[in-house]
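# Architecture at a glance
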Amino acid sequence: MPTTFAHAVAGAALGAGRPGVKTILLTAVCAVHPDADIVAFAFGIPYEHPLGHRGLTHSLAFAVVVGAAMTALFYRRDSDRLGVFALLTLATASNGLLDMLTDGGLGVGLWLPFVDERLFFPVRPIAVSPLGTGVFSARGLAVIANEAVWVGVPAVVLAAVLYGVRRHRARRRA
């Protein structure tokens, strides 16, 4: 998996298209949230189990549930709740999609609970991150440098484009 930092950066970039810090923070949280599944190890659930790491919490079905819950909790009065729901769902789904670009692990249960198969993209340029405090090792720092190229740069470009589009629309309305 990419590091928590990479997931948060990718999620925050998606949030740049909406005004306010709240959306940026929530898209970052949604993007990181699926990796809470590592607690499964503490309960003896093996990696390859549907409830294991990169399983159900990395699925599109889970992303839809999280997107709906976060929208209901934090955007009850927003006039564009459907757009917010789509954004928060995409931010949550970004975790599994980024994991599918890594060079390690057993794949992502993108279609769980409907299909058990775990998937990767054909191209996998992101170095898989060591779990836990291993991210602060020499290997972990090399992974972060790899992520700066494959996640950080595209995230900054995406955030700039989304922010620019938002500013352009605001000027047109004024």
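Residues numbered from 1 in each chain as written. Predicted model: local features only at pLDDT ≥ 70, side-chain atom pairs only at ≥ 80, totals over all residues. Heavy atoms only, no water.

### As for the environment of Val29
How we decide: Numbering of helices and strands runs from the N terminus, with a helix taken as a DSSP run of H or I at least four residues long and a strand as a DSSP run of E at least two residues long. Exposure categories follow from relative accessible area, calculated using a 1.4 Å probe and restricted to protein chains: below 20% of the type maximum is buried, above 50% is exposed, and the middle band is partly exposed.
Tracing the backbone through its elements, the reader meets Val29 in helix α2 (residues 21-32). Given a relative accessible area of 46%, Val29 falls into the partly exposed group. With 66 residues separating them in the primary sequence, Val29 and Asn95 have C-alpha atoms 11 Å apart.

### Observations concerning the packing of helix α4 (residues 60-74) against helix α5 (residues 81-99)
Test applied: Between the N-to-C directions of two axes lies an angle of 0 to 180 degrees, each axis being a line fitted to C-alpha atoms and, for a helix, fitted only over the stretch in contact. Reported orientations rely on four angle classes, namely roughly parallel under 35 degrees, roughly antiparallel over 145, roughly perpendicular from 65 to 115, and oblique for the rest. Each crossing is labelled by how the near helix is turned from the far one, with a counterclockwise turn of less than a right angle marking it left-handed and a clockwise turn marking it right-handed. For this analysis, residues touch if any pair of their heavy atoms sits within 4.5 Å. Ten residues, namely Ala, Val, Leu, Ile, Met, Phe, Trp, Tyr, Cys and Pro, are considered nonpolar, four, namely Asp, Glu, Lys and Arg, are considered charged, and the remaining ones, Gly among them, are considered polar.
In contact at an axis separation of 8 Å, α4 and α5 are set at 135° when each is read in the N-to-C sense. One way to sum up the angle between α4 and α5 is to call them oblique. The handedness of the crossing between α4 and α5 is right-handed. On α5, the residues that touch Leu60, Phe62, Ala63, Val64, Val66, Gly67, Ala68, Met70 and Thr71 of α4 are Arg81, Val84, Phe85, Leu88, Thr89, Thr92 and Ala93. The residue inventory of the contact of α4 with α5, partitioned by class, reads 11 nonpolar, 4 polar and 1 charged.

### Notes on α5
Where we set the bar: Helix span, as expected, comes to 1.5 Å for every residue beyond the first.
With 19 residues, α5 extends 28 Å between its outermost C-alpha atoms, agreeing within 8% with the 27 Å of an ideal straight helix rising 1.5 Å per residue. Along α5, the residues that are buried comprise Val84, Leu87, Leu88, Thr89, Ala91, Thr92, Ala93, Ser94, Asn95, Gly96, Leu98 and Asp99.

### Looking at unusual backbone geometry
Following Leu112, the chain continues into Pro113 via a peptide bond in cis, with omega recorded as 5°. Phi angles above zero are rare outside glycine, and Arg54 is one such case at about 65°. Position of Arg54 among the secondary structure elements: in the loop between α3 (39-42) and α4. Judged by relative accessible area, Arg54 falls into the buried class, the value being 1%.

### So, the environment of Glu48
As for its position among the elements, Glu48 is in the loop between α3 and α4. For the pair Glu48 and His7, spaced 41 residues apart in sequence, the C-alpha separation works out to 22 Å. Excluding its chain neighbours within four sequence positions, the residues that come into contact with Glu48 are Leu106 and Arg118.

### What about α2?
For α2, spanning 12 residues, the distance from its first C-alpha to its last is 17 Å, which sits close to the expected 16 Å at 1.5 Å a residue. Turning to α2, its buried residues number three or more, namely Thr23, Leu26, Thr27, Ala28, Cys30 and Ala31. If you follow the buried residues of α2, they end up packed against α1 (4-15), α4 and α5.

### What about the side chain of Thr27?
By secondary structure assignment, the location of Thr27 is in helix α2. With near-sequence residues (within four places) excluded, Thr27 lies in contact with Gly11, Ala12, Gly15, Leu87, Leu88 and Ala91.

### So, the side chain of Thr92
Of note, Thr92 is situated in helix α5. We classify Thr92 as buried; its relative accessible area is 3%. Not counting residues up to four positions away in its chain, the partners in contact with Thr92 are Cys30, Ala31, Pro34, Phe62, Ala63 and Val66.

### Considerations on the nonpolar core
What counts, and what does not: Among buried residues, the Ala, Val, Leu, Ile, Met, Phe, Trp, Tyr and Cys ones that are joined through side-chain atoms within 4.5 Å form a nonpolar core.
By size, the foremost hydrophobic cluster in this structure holds 11 residues: Leu14, Leu26, Cys30, Phe62, Val66, Met70, Tyr75, Val84, Leu87, Leu88 and Ala91. Only α2, α4 and α5 provide two or more residues apiece to this core. Of all the elements, α5 adds the most residues to this core, at 4 residues. Ignoring sequence-local partners within four residues, the contact set of Val84 consists of Arg18, Thr71, Tyr75 and Asp78. The next biggest cluster of nonpolar side chains, apart from the first, holds 5 residues, and it includes Ala10, Leu98, Ile126 and Val151.

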